[in-house]
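# Observations on chain architecture
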Amino acid sequence: MKVVFASSEIYPFAKTGGLADISGSLPKEIAKKGIKVFGFMPLYKTVDIEKHKIKPINVYIDVFLNGRTYTFEVYKLIDNVIFFFLKNDELFGRDYLYGTPEGDYPDNDVRFGAFSYAVMEFIKKEELDPDIIHVNDWQTSLIPVLTYYKYNWHHVRTVLTIHNLAYQGIFDKFAIERLNLGWDLFHMEALEFYDKVNFLKGGIVFSSAITTVSPTYAKEILKPEYGFGLDGLLRKYENKLYGIINGIDYNVWNPETDKYIYENYCEYTIEKKSINKKLFLKETNLEGEEKPLFIFIGRLAQQKGIDLIKDSIEELSKLPINLAILGSGDKEYNDFFESIKGKYENIFIKVGYDEPFSRKMYAAGDFLLMPSLFEPCGLNQMIAMRYATLVVARKTGGLNDTVVDISQPDGYGILFENPNKYEFLNAINRAIDLYNNKQKFLELQKRVMGFDFSIESTAQKYIKLYESLKYSREVVL
Ligand SMILES: Nc1ncnc2c1ncn2[C@@H]1O[C@H](COP(=O)(O)OP(=O)(O)O[C@H]2O[C@H](CO)[C@@H](O)[C@H](O)[C@H]2O)[C@@H](O)[C@H]1O
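Keep in mind that what you see is a predicted model, and the values were worked out from it rather than measured.

### Examining the pattern of salt bridges
For the structure shown, the criterion picks out 27 salt bridges. One salt bridge in this structure joins Asp131 and Lys470, with 3.7 Å as the shortest N-O distance. Linking Asp131 in the loop between helix 4 (108–125) and strand 8 (132–136) with Lys470 in helix 20 (residues 455–470), this pair joins segments that are 339 residues apart in sequence. A salt bridge links Lys310 to Glu332; its shortest N-O distance comes to 3.5 Å. With Lys310 in helix 12 (residues 306–311) and Glu332 in helix 14 (residues 331–340), this pair connects stretches of sequence that are 22 residues apart. Residue classification places Lys310 among the partly exposed residues on the basis of a relative accessible area of 22%.

Here it is in structure tokens:
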């Protein structure tokens, strides 16, 4: 079987969030099972081609759209997956992937539309002849539309994975003309969305199967509260929608070998985790090793429940805890956290994106906070548990599928139901109580470290899905 896997970000080449992690680990894991996988990504200016040994292969792809020609130069990296990077500096030679902190690049439709066409043209030119084309989120959602409607490759099955329904790629209706799509696609059953063009909607309609990244989120997005205007459409296509939980790469996230943390440890040397805490507190000028250390790592976006943290900051500053926050994102939140930096003795804040530092936090923390309003899957909680950091999270999406509250038999985390300040602070107080029960806390730390949230079982499920689609069998996951 041959699979083309297209994504706008793939770890370690380019990353703004969890999409990159999965796009890095899933194709590799699928390839390990003997499937030929070709990965595709735009070659951004920020990709370090020297470091990753990405080389040009002297192949050029011309794409005609927006009234002109865009030429992509193809670069390649051979791993167990063959990665192709498509380079067009006018479109992708910019400082950011999707936009500046002030907002999205206005020509994102042309950027990712041209990339999608370039992937199709390359597949054709090089006769890759895939059985499956697997795309991710709105940026590559035009590919199933092109596969079915423009290129008429009806023998090729397409899979769209929705990592986050909040981002849909919505543009003015003349994107239809800019992208040579044809006005016959501009209707309610195809790309039209309130008189605009919606890329993700195109992917949902035209793909052979849709997956989202946890079973709970697959159910939630059928409801208006979580559907971002697409719940009706998703209900229509419910029979091709599957929830497959993400996993993490246990080689990338491993406290035993992680070279960025202060001191390596494993289940049997868990006491060394406290060295990480001690040195982290020292580095961040936080005091009180005996107090539980809560960490938050993530994009500063409404989705992540940042308002709960923001609105509770005074209360948090008075609790017998330390709190470390690392994140960057929407300007409003960046500005807020910058403005309170150093204001509270027990709260450390770093606004920015810093993977090595995030690793130190996972290793040092006692509890990870994830008060998300919605969470398609969430990787942080899996990483945290791998580093023996217990999770305090809102009961939603993938958090509901990976964390069991301590009030349940065999529970190992803390969940709260409603996203309000009262329930959030109550959850933190329950965590403090748990922390003070030293024996139970240690027992749970050891337990969560041993869990298997690896990408391997995720890959097995995707392979089953690919096979069912290829042989047009009923999908049983
Ligand atoms: N400032 C910072 N510095 C360093 N590292 C940072 C960071 N901010 C975030 N990260 C890292 O980025 C990743 C975040 O992954 P998530 O899956 O939790 O979130 P995201 O919302 O981006 O992904 C979306 O896609 C994924 C993948 O499907 C879903 O799990 C998720 O629910 C969905 O919202 C983690 O590896 C985290 O450590």
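### So, the sheet that holds strand 12 (residues 196–198)
Spatially, 3 strands are ordered 10-12-11 in an open sheet, and the strand pairing comes out antiparallel. Two strands bound the open sheet, and with one partner strand each, they are strand 10 (170–172) and strand 11 (192–193). Where strand 11 lies against strand 12, 2 bridges are found, and the strand directions are antiparallel. Along strand 12, the bridge assignment pairs Glu192 with Val197. The strands touched by helix 7 (residues 199–206) within the sheet are strand 10, strand 11 and strand 12, with strand 12 carrying the most contacts at an inclination of about 55°.

### Quick notes on the domain arrangement of the protein chain
Per the domain assignment, the segments of the protein chain are domain 1 (2–247 + 456–470) and domain 2 (267–452). Distance from the C-alpha centre of domain 1 to the C-alpha centre of domain 2: 32 Å. Of the residues lining the interface, 23 residues belong to domain 1; the matching set on domain 2 comes to 21 residues. A buried area of about 1,600 Å², summed over both sides, lies between domain 1 and domain 2, and 55% of it is on carbon and sulfur atoms. At the surface where domain 1 touches domain 2, the tally comes to 0 salt bridges. On the surface where domain 1 and domain 2 come into contact, there are 10 residue pairs in polar contact (both at pLDDT 80 or more). At the level of elements, helix 1 (18–32) and helix 8 (215–220) are the ones that each hand at least two residues to the side of domain 1 that touches domain 2. The element best represented in the side of domain 1 that touches domain 2 is helix 8, accounting for 4 residues. Partitioned by chemical class, the residues of the side of domain 1 that touches domain 2 number 11 nonpolar, 8 polar and 4 charged.

About the thresholds
Residues numbered from 1 in each chain as written. Predicted model: local features only at pLDDT ≥ 70, side-chain atom pairs only at ≥ 80, totals over all residues. Heavy atoms only, no water. Salt bridge = Lys/Arg side-chain N within 4 Å of Asp/Glu carboxyl O. Helix = DSSP H or I, 4+ residues; strand = E, 2+ residues; numbered from the N terminus. Buried < 20%, exposed > 50% of the residue type's maximum accessible area, 1.4 Å probe, protein only. Pairing = 2+ DSSP bridges. Contact = heavy atoms within 4.5 Å. Axes fitted to C-alpha atoms, helices over the stretch in contact; angles between N-to-C directions. Domains from an automatic or database assignment. Buried area = accessible area lost by both parts, 1.4 Å probe. Polar contact = N/O pair within 3.5 Å; in protein donor to acceptor, adjacent residues only side chain to side chain. Nonpolar A, V, L, I, M, F, W, Y, C, P; charged D, E, K, R; others polar.

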